[in-house]
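Structural characterization, general
If you want the building blocks of each chain, they are given just below.
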Amino acid sequence: NHTKRIPFEKRLELIPNKVGKRLVQIMLQKKTCLCVAADVTTCSQLLQLADHVGPFICLLKTHVDILTDFDKQSLVQLKALADKHNFLIFEVDRKFADIGNTVKQQFSGGVYNIVSWADIINCHTLPGPGIIDGLKEAAIEYHGKKKENEIYHGLLLLAEMSSEGNLITPDYTRHSVALAEHEKYKEFVIGFISMGKVSSNPTLLHMTPGVSIQNKGDNLGQQYLTPEHVICEKGTDVIIVGRGIYQSKDPAKSAKEYQDKSWEAYLKSLNN
Ligand code: S5P
């Protein structure tokens, strides 16, 4: 993180992927670097939370497989809230992790049929480039478009994790960065889940979980840093906050607080 931060306005012009571009546009319009991890367990809780925190976020992240009453109709309602409040949805923090042929089927098949409604997905890089190829094939086939710059899905690579004792090494992270920066994937890979800035390519976005103003961790290995630390010291672009917001007494108020802190930190980091 030795290079100076490039303002989002400049990066916006360089980002080739439509989802990545749209996300940065929203961040600038709403002055927020906040993504809420809406890890609630029912669709009604999810919709209520999305409506409350919507004005303060650029992105809402969900784990659809922890919803006890998942149904596609609720996703339609969630999309309507995303339009109302102007945020994107990172619908499936599914962390694909298998060989290309399997993830292609997991992305486009099964009961979830993720490819038909998710804009942003993520995957581990452990299996090697085939995982990205498999997901990319599914995305291109779904849209029936062969022109790469028309892929309307954005993939994030997990280059680092927040949990204590995770097995990711600096070398693993470097290889993940090399995959993301590969010419072949530039229309599809929009960035990383990482603990901070891992690539100086301005078209790639960094999103960092394990962020809390109050807590230091949980009893299952999660570790937290503050918004200011991950943005100013670690150089990340988007903070991902779950329990710090949805478990607070007033999620809207907390979301506003994280939004303000994230944007202040971003502005401060421009002058670092
Ligand atoms: O390394 C990671 C990657 C992810 S995507 N560590 C994480 O915590 N996450 C996700 O971020 C996790 O699945 C959860 O949805 C969110 C953090 O939630 P919190 O309640 O600990 O803020």
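Residues numbered from 1 in each chain as written. Predicted model: local features only at pLDDT ≥ 70, side-chain atom pairs only at ≥ 80, totals over all residues. Heavy atoms only, no water.

What about the side chain of Lys-104?
Threshold: Put simply, DSSP marks the helices as runs of H or I at least four residues long and the strands as runs of E at least two long, and each gets a number from the N terminus on. Throughout this description, a polar contact denotes any pair of N or O atoms lying within 3.5 Å of each other; where both atoms belong to protein, one of them has to be capable of donating a hydrogen while the other can accept it, and for residues adjacent in sequence the pair is counted only when both atoms sit in side chains.
One can find Lys-104 in helix 5 (residues 100-108). A distance of 2.9 Å separates a polar atom in the side chain of Lys-104 from a polar atom in the side chain of Glu-141.

Some points on the UniProt feature "active site" (unreviewed entry) in the protein chain
Defined as follows: UniProt positions are given in the numbering used here, feature names are shortened, and annotations may be inferred rather than shown by experiment. Using a 1.4 Å probe on the protein chains alone, a residue whose accessible area is under 20% of its type maximum counts as buried, one over 50% counts as exposed, and one in between counts as partly exposed. Two residues qualify as a contact provided that any one of their heavy atoms is within 4.5 Å of a heavy atom in the partner residue.
Under the UniProt annotation, "active site" (unreviewed entry) lies at Asp-93, Lys-95 and Asp-98. Along the chain, Asp-93 turns up in strand 4 (residues 92-96). Among the residues examined, Asp-93 registers a relative accessible area of 8% and is labelled buried. Filtering out sequence-adjacent residues up to four positions away, Asp-93 remains in contact with Lys-61, Thr-62, His-63 and Asn-122. Secondary-structure assignment places Asp-98 in the loop between strand 4 and helix 5. When neighbours within four sequence positions are excluded, Asp-98 is seen to be in contact with Val-103, Gln-106, Pro-127 and Ile-131.

As for the sheet that holds strand 9 (residues 238-241)
Note the threshold: By the convention used here, strands pair only if DSSP detects at least 2 bridges between them. Axes here refer to lines fitted to C-alpha atoms; in helices the fit is confined to the stretch in contact. Angles between the N-to-C directions go from 0 to 180 degrees.
Taken in spatial order, the nine strands make up an open sheet running 3-2-1-9-8-7-6-5-4, and their pairing is parallel. The open sheet terminates on both sides in strands that have one partner only, identified here as strand 3 (88-90) and strand 4. Averaged over all pairs of adjacent strands, the angle between strand axes in this sheet comes to 25°, irrespective of strand direction. Here two bridges tie strand 4 to strand 5 (residues 120-124), and the two strands are oriented parallel to one another.

Notes on the site of the ligand
To keep things clear, this is the line we draw: Nearness of a residue to a molecule or strand requires only that one of the residue's heavy atoms be within 4 Å of it. Accessible surface area values rest on a Shrake-Rupley calculation with a 1.4 Å probe, where residue burial reflects the displayed protein chains alone.
In the vicinity of the ligand lie 16 residues, with Asp-39, Lys-61, Ser-162, Tyr-224 and Arg-243 positioned nearest. Measuring from a nitrogen atom of the ligand, one finds a side-chain N or O atom of Ser-162 at 2.7 Å. Burial of the ligand by the surrounding chains reaches 91%, relative to a free accessible area of 490 Å². Elements with a contribution of two residues or more to the shell around the ligand: strand 4 and strand 9.

Here's the deal with the pattern of salt bridges
Short version of the rule: A carboxyl oxygen of Asp or Glu within 4 Å of a side-chain nitrogen of Lys or Arg is what we treat as a salt bridge.
Summed over all chains, the structure comprises 14 salt bridges. Between Arg-5 and Asp-237 there is a salt bridge, and its shortest N-O distance comes to 3.0 Å. Within this pair, whereas Arg-5 is found in the segment before helix 1 (8-14), its partner Asp-237 is found in the loop between helix 8 (227-233) and strand 9, the two being separated by 232 residues in sequence. Asp-237 matches Arg-5 in its accessibility class, with the two residues each being buried. Between Lys-256 and Asp-260 there is a salt bridge, with the nearest N and O atoms lying 2.8 Å from each other. Of this pair, Lys-256 and Asp-260 both sit in helix 10 (residues 251-270), separated by four residues, roughly a single helical turn. Residue class for Asp-260 comes out partly exposed when judged on its relative accessible area of 31%. Each member of the salt-bridge network shares a partner with another, and the members are Arg-5, Arg-11 and Asp-237.

What to know about the environment of Met-161
Secondary-structure assignment places Met-161 in the loop between strand 6 (154-158) and helix 7 (170-181). Here the alpha-carbon distance between Met-161 and Met-195, two residues 34 residues apart in the chain, equals 6.6 Å. Residues in contact with Met-161, not counting those within four places in the same chain, are Lys-95, His-124, Asn-166, Ile-168 and Met-195.

Quick word on the UniProt feature "binding site: substrate" (unreviewed entry) in the protein chain
Here the UniProt-annotated "binding site: substrate" (unreviewed entry) positions come out as Asp-39, Lys-61, Ser-162, Gln-222, Gly-242 and Arg-243. Classification of Gln-222 as buried rests on a relative accessible area of 18%. Once residues within four sequence positions are removed from consideration, Gln-222 is found in contact with Ser-162, Ser-163, Gly-210, Lys-216, Gly-217 and Arg-243. Of note is the side chain of Gln-222, whose polar atom sits 2.5 Å from the side chain of Ser-162. Positionally, Gly-242 belongs in the loop between strand 9 and helix 9 (243-246). Its relative accessible area of 14% is what places Gly-242 among the buried residues.

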